[in-house]
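Examination of the molecular architecture
Spelled out, the chains give:
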Amino acid sequence: MLTREDDVDAHALHRRGWSISAIARHLGHDRKTIRAYLRGDRVAGARSRTDPDCFEPYVAYCRERLAEDPHLWATALLDELLALGYDRSYPTLTRALRARGLRPACEPCRPAKDRPVAVIEHPPGEETQFDWVELPDPPAHWGWGRKALLLVGALSHSGRWRGVLAESADQPHLTDALHRVTAALGGLSRVWRFDRMATVCHPDSGRVTASFAAVAKHYGVSVAICPARRGNRKGVVEKANHTAAQRWWRTLPDDTTPEQAQASLDQWCARHGDTRLRPTGEGGEGGKATVISIAAAEPLRPLPAPFPATLTVARVASAQALVAFRGNRYSVPPELARAQVSVTHRLGATSIDITTASGIVIARHTLATPGAGATIRDTGHVAALERAALTAHTDAPPHRRKQRIPPGPAARTAAAALRATATDHPAASEVVDLAAYAAAAQGRNTLR
């Protein structure tokens, strides 16, 4: 067996006119070995087998079996081969399968990063891609549980994107977030693209639901649903999702409110996302321009009024009978302090309703600007809260644990009444002497 260095030297010397015998004497190998390498019968670095390949008779079976089931475990295949006469070990089998490439790739299970991809051209103003992002471990004082939701929308042509935080992924929250994201992007494109989220379409068939069809008609857009398991079809918004999670959410401070977090995301997008440079023209021949300048040239339509969906969120009233909603606080009657209530807002309306757990509306307030930090109080609620607080207030000192407090006049009067009652009914208080029973029973020896 020649090393690769000897093989290179042998070919070089042979090209210079050396004979095979001279090359064999120079390299210290047999002439037949040198001749085999020069003719290409043998390959440097690959030792030829001296014993027959025991796996060769089973190659055809393994190829057909793995073509039928690409996910068949090698241990299960080994069980079948042992019944057919195979007498080698499991590592020998797996090494033979890898060396011959007998296990085919399963295309449905193949990761998207290993598939061939192509850049899809998106005309200006044609498409907006939307997707939910689950952001783990939001600040505990938000009260949102273990994850927050961010709806990200991206213009496919320019790559400009915006996101809106939401407490829930139900259809009213989705509709509200769609309107706010579209307003932040500057207008409506002709098509909205989604993956198979249940609030937009039936996941199995990909057909748009009747409730979301009304939303699409209201905004005058077409709805495109991505094929199943083809997340790279909406690669623009997927990249925006990754950026939002890694560059914004990862560094968000703990003492941030949801409204402050939303404002910081908007600022980040304006400062960093819109100033990215992207190639323009066919094949990037038009040079580079910022995302905001490319997006400004997209023909987007103005938004109509928000779709009148009804947004409902659960809240717990504070000790001051205040209910928080989108960065502001609204009053309720003092009887509902620390009670569970619901805030209902019809998108586009200028007021909100606060209802009890049974659905009774107990307060209606004018909607304040989100994130303003305003406190909206009803005059009646303020007066009732003051009365309740004053009624419950006392200036008496607290009782000491070891203080002596004998019965007072009222208690002594009640005790005297009890004693008088006992005197009027002596039978009720007469004590029977047991000695009388003992005398009567003495001398008796029967039970009669």
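For the structure, check the block above.
The paragraphs below set out a description of the structure included in this document. (Residues numbered from 1 in each chain as written. Predicted model: local features only at pLDDT ≥ 70, side-chain atom pairs only at ≥ 80, totals over all residues. Heavy atoms only, no water.)

This next bit is on the environment of T256. Position of T256 relative to the elements: it lies in the loop between α9 (235–248) and α10 (258–273). For the pair T256 and P139, spaced 117 residues apart in sequence, the C-alpha to C-alpha distance is 7.6 Å. Residues contacting T256, with those up to four places away along its chain left out, are P139, H141, W142 and A261. (Helix = DSSP H or I, 4+ residues; strand = E, 2+ residues; numbered from the N terminus. Contact = heavy atoms within 4.5 Å.)

Here we take up the sheet that holds strand β10 (residues 328–331). Across the sheet, 3 strands lie side by side as β9-β10-β14; this open sheet has mixed pairing. The open sheet has two edge strands, β9 (322–325) and β14 (375–376), and neither has a second partner. Alignment of β9 against β10, held across 4 bridges, turns out to be antiparallel. By the bridge assignment for β10, L322 is matched with S331. (Pairing = 2+ DSSP bridges.)

Turning to the packing of aromatic side chains, a few remarks are in order. A complete count under the given rule lists 11 aromatic pairs for this structure. Judged by centre distance (5.5 Å) and plane angle (45°), the rings of W192 and Y219 are tilted. With a gap of 27 residues between them, W192 in strand β4 (residues 191–194) and Y219 in helix α8 (residues 210–219) connect regions that are remote in the sequence. Pairing W248 with W249 gives two aromatic rings, centres 5.7 Å apart and planes at 55°, and the pair type is tilted. The class of W248 is buried, set by a relative accessible area of 5%. (Phe/Tyr/Trp six-rings, centres within 6.5 Å; stacked < 30°, edge-to-face > 60°. Buried < 20%, exposed > 50% of the residue type's maximum accessible area, 1.4 Å probe, protein only.)

With that out of the way, let us pick up the pairing of β10. Connecting the antiparallel pair β9 and β10 is a turn made up of 2 residues, with R326 showing a positive phi of about 50°. Sheet topology note: the β10/β14 ladder contains 2 bridges and is parallel. Its bridge partner being in β14, R329 is matched across the sheet by T375.

Quick look at the nonpolar core now. Nonpolar side chains in soluble globular proteins tend to be buried together. Ranked by internal contacts, the top residues of the largest apolar core, which has 30 residues, are L151, L174, L178, W192, F194 and F212. Elements with a minimum of two residues in this core: β1 (127–136), β2 (147–155), β3 (161–166), α7 (171–185), β4 and α8. Tallying contributions element by element places α7 first for this core, with 5 residues. Setting aside residues no more than four positions away along its own chain, F194 makes contact with F130, L178, V200, F212, V223, A224, I225 and C226. L165, A240, W248 and W249 belong to the second largest nonpolar core, which has 20 residues in total. (Core = buried A, V, L, I, M, F, W, Y, C linked by side-chain atoms within 4.5 Å.)

A few words on the pairing of β3. Counting buried positions along β3 yields 6 of 6 residues, so the element is predominantly enclosed. Along β3, one buried face is formed by W161, G163 and L165 and the opposite face, lined by R162, V164 and A166, is buried too. Of the pairings in the sheet, the one linking β2 to β3 comprises 6 bridges and is antiparallel in character. Bridging from a neighbouring strand, L149 pairs with A166 of β3. Following β2, the chain reverses through 5 residues before pairing antiparallel with β3; G159 in that reversal takes a positive phi of roughly 85°.

Contact geometry for helix α1 (residues 4–15) and helix α2 (residues 20–27): axes closest at 10 Å, N-to-C directions at 145°. Here the hand of the crossing between α1 and α2 comes out right-handed. The segment α1 lies against α2, with D6, D9, A10, L13 and H14 engaging I23, H26 and L27. Each residue belonging to the contact of α1 with α2 can be placed in one class, and the counts come to 4 nonpolar, 2 polar and 2 charged. (Axes fitted to C-alpha atoms, helices over the stretch in contact; angles between N-to-C directions. Left-handed = near helix turned anticlockwise from the far one by under 90°. Nonpolar A, V, L, I, M, F, W, Y, C, P; charged D, E, K, R; others polar.)

When we look at burial in helix α4 (residues 59–68), the residues that qualify are V59, C62 and L66. Summarising the axial view, the buried residues of α4 lie within an arc of 65°, below the 170-degree limit, and thus occupy one face. Within α4, the exposed residues directed more than 90 degrees away from the buried face are E64, A67 and E68. Looking at the buried side of α4, the elements it contacts are α5 (74–83) and α6 (90–100). (Arc of directions from axis to C-beta.)

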